[in-house]
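Topology and contacts: notes
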Amino acid sequence: MKNAVIGNNKQKANLIVLGAVPRLLYLLQQETSSTELRTECAVVLGSLAMGTENNVKSLLDCHIIPALLQGLLSPDLKFIEACLRCLRTIFTSPVTPEELLYTDATVIPHLMALLSRSRYTQEYICQIFSHCCKLRHWHSCGFKSSPQPLLCANGPDHQTILFNHGAVQNIAHLLVSTSYKSLLLGRAPRAVRHGDSILLRGLQQFTHHDYCSNLSSDSGRWSVDCALVRMQALKCFSVLAFENPQVSMTLVNVLVDGELLPQIFVKMLQRDKPIEMQLTSAKCLTYMCRAGAIRTDDNCIVLKTLPCLVRMCSKERLLEERVEGAETLAYLIETDVELQRIASITDHLIAMLADYFKYPSSVSAITDIKRLDHDLKHAHELRQAAFKLYASLGANDEDIRKKIIETENMMDRIVNGLSESSIKVRLAAVRCLHSLSRSVQQLRTSFQDHAVWKPLMKVLQNAPDEILVVASSTLCNLLLEFSPSKEPILESGAVELLCSLTQSENLALRVNGIWALMNMAFQAEQKIKSDILRGLSTEQLFQLLSDSDVNVLMKTLGLLRNLLSTRPHIDHIMSTHGKQIMQAVTLILEGEHNIEVKEQTLCILANIADGTTAKELIMTNDDILQKIKYYMSHSNAKLQLAAMFCISNLVWNEEEGSQERQDKLRDMGIVDILHKLSQSSDPNLCDKAKTALQQYLA
């Protein structure tokens, strides 16, 4: 059976259909079966798992994982290795749920104990860990392009489970090749705590006779074996450190044979090391940096990690290496302006990324037909990676954005990317567009020349939330009053779309929807303001004003403030929605809100007080007047100043009915407060109080 199925997917499928799996599992679990027979069964099952995803599904349906995990309790090393090899193959399949490794709480500590048994147990267990370590939480507005996109289910996340069972201490020594050879020398193991550092010397004592008898004396084989183990250990650390400050801070202080772990990672970045090792070491250092364990201006980041990742983007590298290099670099520099500037001038990176859109070229150096076919099928991954890196590069610096946009056919490539069939490419293209849309100059020039708003509006129709969030953020920028795209976007039915976003259960979409409407209402015509109010409805407006998220509340107040600007607009809106707006204002001023929220609400009242007829809604509302009086004497100067704006607009003597308003406010004691504030040490408050008092004197 073993010889028949090796390299033959058809034979594997035939054996599975004929019911070989349950029989093999039965023999594997029978205590009466010899160790040799059980080992052969595990080998055949491992070979079957090497076939198609359907094969793996069939094995999972037969409950192969519990049977193999039970096999790890055997004293026989060869059988353990066969079980681990099969488990490795199954867990590295995309159809296998990672949670299956964590169902039984005794499995992880037992695997940790098996790490020292042989170089094969080291390699396979590290592979299993690196494939079954997924994040539970994802930051809603963080970078999402890193190569660990899956989330784990309820309960402690995988990183925490592995960390708590000593993954760092058990795996760290595998990064040093001599530590494996020390097994032969019988060096006694010890792990000693010294300050904040963990000193790891040697490996756990191992005396199993099969292990030593199977070791090859060939130094070349030693080198290959150690490199495989080191590589898998390195991958473990990359998944453990990703977005995990606890693990990252621990890794920084780990000593292996007298050398700190970051120093070992830096050595593995050297050009004479295998590319996979360079890349994975760069990822470890990147993740530790992003988790706050290494400073962004540390030499190991600026002089080692960043240049290594830029090297991976060159056209001499394989497609997978270029993709991984660009995505990791995008993640490294995403939030740091200085790293973005350094990367932008390293090895002509911006121009180098343009080649990602031309791959494979007609004069491609690829002579291997299979390789060429593979790359043609995966060329979209290069475009995705390039868009992500451009997005990070252009996140803050205007000069870098200009260089990106001036790159050959850049805007056309983004527009094309917005309509690609691959959702990942579309998302990356939108991210890139969002990054570039932060430029006032580009909004006025390149964005208008290429009518970027058209494909963007198309993307916003029925897109998944992940794309909608970034696309709606971009739309917010395109709706700023100086953007030439604002008018055509309004004409294309954006109001209805944005009003629908404010009803989303997704917080980011609600924020972006109301933010875009706020930008749209700024200095807008009365018709647009009426369309917004009609599209939102009073009920939805109240819903947004009572939203538990302060960002939604602040943007909704900002929208109201923009709607209630210029007197004719203020009077018109208050004549139709005045009662509801005053009710909302009262609720917010009475509620437990922060200073910024109440300041914005008082500014809305100041705008209403500037209306010709609208101000009567304040003057006839004694409750609101008392609240304005209260905030004039508040301990916070911002709230005092905002309340003063209300009073100034109400007492302005050039307007009809000013005498009656002044008299009513004097009777309330407002003038006395103004006299006190005119002596304030705060120059703004003092000036505003004197201006209001002058209206009485006039």
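See the structure shown above.
Residues numbered from 1 in each chain as written. Predicted model: local features only at pLDDT ≥ 70, side-chain atom pairs only at ≥ 80, totals over all residues. Heavy atoms only, no water.

**Here's the deal with the overall build of the protein**
Each helix and strand counted, the protein has 42 helices and four strands in total. Every one of the 698 residues in the protein was classed for burial, and the buried ones make up 55%. Intrachain contacts of the protein at a sequence separation of at least 6 include 68% that bridge at least 24 residues. Counting only carbon and sulfur atoms, one obtains 51% of the accessible surface of the protein, whose full area is about 31,300 Å². (Helix = DSSP H or I, 4+ residues; strand = E, 2+ residues; numbered from the N terminus. Buried < 20%, exposed > 50% of the residue type's maximum accessible area, 1.4 Å probe, protein only. Contact = heavy atoms within 4.5 Å. Areas by Shrake-Rupley, 256 points an atom, 1.4 Å probe, with all protein chains shown as cover.)

**Side note on the packing of aromatic side chains**
Enumeration according to the criterion identifies seven aromatic pairs in this entry. Measuring from ring centre to ring centre gives 6.2 Å for F237 and F265, while their planes differ by 65°; the resulting arrangement is edge-to-face. Of the two residues, F237 is situated in helix α14 (residues 219-241) and F265 in helix α16 (residues 261-267); the sequence distance between them amounts to 28 residues. With centroids separated by 5.8 Å and ring planes inclined at 75°, the aromatic side chains of Y287 and Y331 adopt a geometry described as edge-to-face. Taken together, the residues span a long stretch of sequence, with Y287 in helix α17 (residues 275-290) and Y331 in helix α19 (residues 319-333) at a distance of 44 residues. Taken together, the aromatic side chains of F242, Y287 and Y331 make up a single cluster linked through ring pairs. Cation over ring: R290 sits above Y331, and NZ or CZ is 4.3 Å from the ring centre. K555 extends its terminal NZ or CZ atom over the ring of W515, reaching a point 4.4 Å from the ring centre. (Phe/Tyr/Trp six-rings, centres within 6.5 Å; stacked < 30°, edge-to-face > 60°. Lys NZ or Arg CZ within 6 Å of the ring centre and 35° of its normal.)

**Observations concerning unusual backbone geometry**
If you check the backbone angles, D257 has positive phi at about 50° while not being a glycine. Positive phi is not limited to glycine here, since D347 has a value of about 50°.

**Points about the nonpolar core**
F237, L393 and L605 are the most contacted members of the largest nonpolar core, which totals 233 residues. Beyond its immediate stretch of four places on either side in the chain, L605 contacts M582, V585, L589, I618, I624, I628 and C646. (Core = buried A, V, L, I, M, F, W, Y, C linked by side-chain atoms within 4.5 Å.)

**Description of the pattern of salt bridges**
In the structure shown here, the tally under the stated rule is 28 salt bridges. With a closest N to O distance of 2.9 Å, R510 and D547 form a salt bridge. Linking R510 in helix α32 (residues 507-521) with D547 in the loop between α33 (526-545) and α34 (550-563), this pair joins segments that are 37 residues apart in sequence. With relative accessibility at 15%, the residue R510 sits in the buried group. Taking relative accessible area as the criterion, D547 reaches 15% and is therefore assigned buried. Here D622 and K664 are joined by a salt bridge, their closest N and O atoms 3.2 Å apart. (Salt bridge = Lys/Arg side-chain N within 4 Å of Asp/Glu carboxyl O.)

**Overview of the environment of R230**
Along the chain, R230 falls in helix α14. By relative accessible area, R230 is classed as buried at 16%. Along the sequence, R230 and H173 sit 57 residues apart, while their C-alpha atoms lie 9.1 Å from each other.

**Structural notes on the state of the cysteines**
Under the counting rule described, the total for this entry stands at zero disulfides. As a non-bridged cysteine, C41 has C83 as the owner of its nearest cysteine sulfur, 9.9 Å distant. Under the relative-accessibility criterion, C41 is labelled buried at 3%. Among the cysteines around C284, which has no disulfide bond, C236 carries the closest sulfur, lying 9.7 Å off. (Disulfide = S-S within 2.5 Å.)

**Points about the environment of T280**
Tracing the sequence through the fold places T280 in helix α17. Through-space distance from the C-alpha of T280 to that of L269 is 8.7 Å; in sequence the pair is eleven residues apart. The contact partners of T280, leaving out residues within four places of it in the chain, are M231, L234, K235 and S238.

**Remarks on helix α31 (residues 494-501)**
With respect to burial, α31 is a largely interior element, six of its eight residues being buried. Burial in α31 covers these residues: A494, V495, L497, L498, C499 and L501. Among the structural elements, α28 (453-459), α29 (465-478), α30 (486-491), α32 and α33 are those in contact with the buried residues of α31.

**With respect to the packing of helix α39 (residues 637-651) against helix α42 (residues 683-697)**
Viewed as axis vectors pointing N to C, α39 and α42 meet at an angle of 15°, and their least axial separation amounts to 10 Å. As far as their axial angle goes, α42 and α39 are roughly parallel. Crossing geometry of α39 relative to α42 is assigned as left-handed. Here A637, Q640, L641, M644, F645, S648 and V651 of α39 come into contact with α42, specifically with N684, L685, K688, A689, A692, Q695 and Y696. Looking at the contact of α39 with α42, its residues break down into nine nonpolar, four polar and one charged. (Axes fitted to C-alpha atoms, helices over the stretch in contact; angles between N-to-C directions. Parallel < 35°, antiparallel > 145°, perpendicular 65-115°, else oblique. Left-handed = near helix turned anticlockwise from the far one by under 90°. Nonpolar A, V, L, I, M, F, W, Y, C, P; charged D, E, K, R; others polar.)

**Quick notes on α17**
With 16 residues, α17 should reach 22 Å at 1.5 Å per residue; the first-to-last C-alpha distance of 22 Å fits that figure. Of all 16 residues that make up α17, 14 are buried, and the element is covered over most of its length. Of the residues flanking the end of α17, it is G292, one or two places downstream, whose phi is positive at about 90°. (Expected span 1.5 Å × (residues − 1).)

**Describing the packing of helix α35 (residues 567-590) against helix α38 (residues 622-632)**
Interhelical geometry of α35 versus α38 gives an angle of 40° and a closest axis separation of 11 Å. Classified by the angle between their axes, α35 and α38 sit oblique to one another. Seen from above, α35 lies across α38 with left-handed handedness. Across from M582, V585, T586, L589 and E590 in α35, the residues of α38 making contact are D623, I624, K627 and Y631.

**Brief notes about the side chain of E321**
Considering the arrangement of structural elements, one finds E321 in helix α19. On the basis of relative accessible area, E321 is assigned to the buried category, the value being 16%. Setting aside residues no more than four positions away along its own chain, E321 makes contact with I275, L279 and M312.

**Quick notes on the environment of F129**
Mapping F129 onto the fold places it in helix α9 (residues 119-131). What makes F129 buried here is its relative accessible area of 1%. Linking F129 and F91, residues 38 residues apart in sequence, is a C-alpha distance of 9.2 Å. Ignoring any residue separated from it by four or fewer positions in sequence, one finds F129 in contact with L101, I108, L111, M112, L162, I171, C236 and V239.

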